[in-house]
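Observations on the model geometry
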Amino acid sequence: MLDQRVAIVTGSTSGIGQGIAEKLVAQGCHVVLNGFGNPEEIAALRERLAQDSGRRVLYSDADMRRPADIQKMVDWTIAELGVVDILVNNAGIQHTDPIEAFPPAKWDEILAVNLSAAFHTTRLVLPHMKQRGWGRVVNIASVHGLVASVNKCAYVAAKHGLVGFTKVVALETAGTGITCNAVCPGWVLTPLVQQQIDALAEREGLTQEEARRRLLAEKQPAGEFVRIDQVADLVVYLCSDAASAITGAALSIDGGWSAQ
């Protein structure tokens, strides 16, 4: 479906981002991975994807907190692969605290990674997409881009901002062959969510399974975690020609969370 397209997926060395990268490679894309982690594990992931697909799979260790790193990543991708057809802004971090106890440095870091990084990547790839008359920008927001929860002021602010940014990009690129959409997952069992399960289990003296059920029961009526592959499949669809009329949308995939 996406044969020979070139994609950058930020935050793709684990979790949702890795799942998206794997699906894009399976559809024929050349992919630039990005993120932190064990260097040997990242190298093994890159080599596995490349060998299985016959596509070029590269890795950038660009720090999404640093605009200069983002510029280098985009420039390097274009130098190595010629274009950027697909941009998936997935990198994200989390911290929870009441507002009056929220560390200002954490606020700044969360907004930098979860929101400002998407601005910098997008502003850099759009001229190339416009030149070619085709492009897909998919921002991995969150159900917290649509509704709020306590103790997550920075994350909720960043994700709401990302949904708004998505709409502006969609309006500014309307009619150019470029689309921009946001995907808004509910609870997905990723390392980021596992941290919250661990914290809940420790705080309340619960087992892991009890903490998982408690977390889901509070928010997600379906009572099950959204799977990574389900989020990745939605991203692939948004990158396809079948979704060419969808732009500026914030699509929830949350087991009914935002319907309440």
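All figures in this text were calculated on a predicted structure; none of them were measured in a lab. (Residues numbered from 1 in each chain as written. Predicted model: local features only at pLDDT ≥ 70, side-chain atom pairs only at ≥ 80, totals over all residues. Heavy atoms only, no water.)

Quick look at the pairing of strand β4 (residues 86–89)
Operational definition: The buried label goes to any residue with under 20% of its type's maximum accessible area, the exposed label to any with over 50%, and the partly exposed label to all in between, with areas taken from a 1.4 Å probe on protein chains only. Helix and strand definitions follow DSSP, with helices as H or I runs of at least four residues and strands as E runs of at least two, each counted in order from the N terminus. Strands are labelled as partners when DSSP assigns at least two bridges between them. Seen with its strands pointing away from the viewer, a crossover is right-handed when the path leading from the first strand over the helix to the second is clockwise.
Side chains of β4 alternate between two faces, with Ile86 and Val88 and Leu87 and Asn89 buried alike. Of the strand pairs in this sheet, strand β1 (residues 6–9) and β4 are connected by three bridges, and their pairing is parallel. Looking at the pairing, Ala7 lines up with Ile86 of β4. In this structure, β4 lies alongside strand β5 (residues 135–140), joined through four bridges in parallel fashion. Bridge pairing links Val88 to Val138 in β5. Handedness of the crossover joining β4 and β5 through helix α4 (residues 104–132) is recorded here as right-handed.

Looking at the pattern of salt bridges
What counts, and what does not: Salt bridges are counted wherever a side-chain nitrogen of Lys or Arg sits within 4 Å of a carboxyl oxygen of Asp or Glu.
Taken as a whole and judged by the stated rule, the model has 14 salt bridges. One salt bridge in this structure joins Arg55 and Asp3, with 2.5 Å as the shortest N-O distance. Here Arg55, found in the loop between α2 (39–53) and β3 (57–60), pairs with Asp3, found in the segment before β1; they are 52 residues apart in sequence, far enough to count as distant. Arg66 is the partner of Asp63 in a salt bridge, and the nearest nitrogen-oxygen pair spans 3.4 Å. Note on Asp63: relative accessible area 7%, which makes it buried. Judged by relative accessible area, which is 47%, Arg66 ranks as partly exposed.

Section: the sheet that holds β5
For clarity, the threshold we go by: Lines fitted to the C-alpha atoms define the axes, with helices restricted to the stretch that makes contact. Angles between their N-to-C directions range from 0 to 180 degrees. We call two residues in contact whenever any of their non-hydrogen atoms come within 4.5 Å of each other.
What the seven strands build is an open sheet, ordered β3-β2-β1-β4-β5-β6-β7; its pairing is parallel. Because the sheet does not close on itself, it has two edges, and the strands there are β3 and β7 (250–253). On average, each strand axis in the sheet is inclined to that of its neighbour by 20 degrees, with strand direction left out of account. The sheet strands contacting helix α1 (residues 15–26) are β1, β2 (30–34), β3, β4 and β5, and the helix crosses β1 at an angle near 170 degrees. Across the face of the sheet, helix α5 (residues 153–173) comes into contact with β5, β6 (178–185) and β7 while running at roughly 160 degrees to β6.

A few points about the packing of helix α6 (residues 191–204) against helix α7 (residues 208–219)
For any two helices packed against each other, the geometry comes down to the angle between their axes and how far apart the axes lie. Defined as follows: Orientation labels follow simple angle bins: below 35 degrees gives roughly parallel, above 145 gives roughly antiparallel, 65 to 115 gives roughly perpendicular, and whatever is left gives oblique. It is the rotation of the near helix from the far one that decides the hand of a crossing: anticlockwise by less than a right angle makes it left-handed, clockwise makes it right-handed. In this classification, the charged set is Asp, Glu, Lys and Arg, the nonpolar set is Ala, Val, Leu, Ile, Met, Phe, Trp, Tyr, Cys and Pro, and all remaining amino acids, among them Gly, are polar.
Axis separation between α6 and α7 bottoms out at 9 Å; the angle between their running directions is 110 degrees. By the criterion of interaxial angle, the relationship of α6 to α7 is roughly perpendicular. In this structure, the crossing between α6 and α7 has a hand that is right-handed. Two secondary-structure elements touch here, α6 through Val193, Gln194, Ile197, Asp198, Leu200, Ala201 and Glu204 and α7 through Gln208, Ala211, Arg212, Arg214 and Leu215. Residue composition of the contact of α6 with α7, grouped by class: six nonpolar, two polar and four charged.

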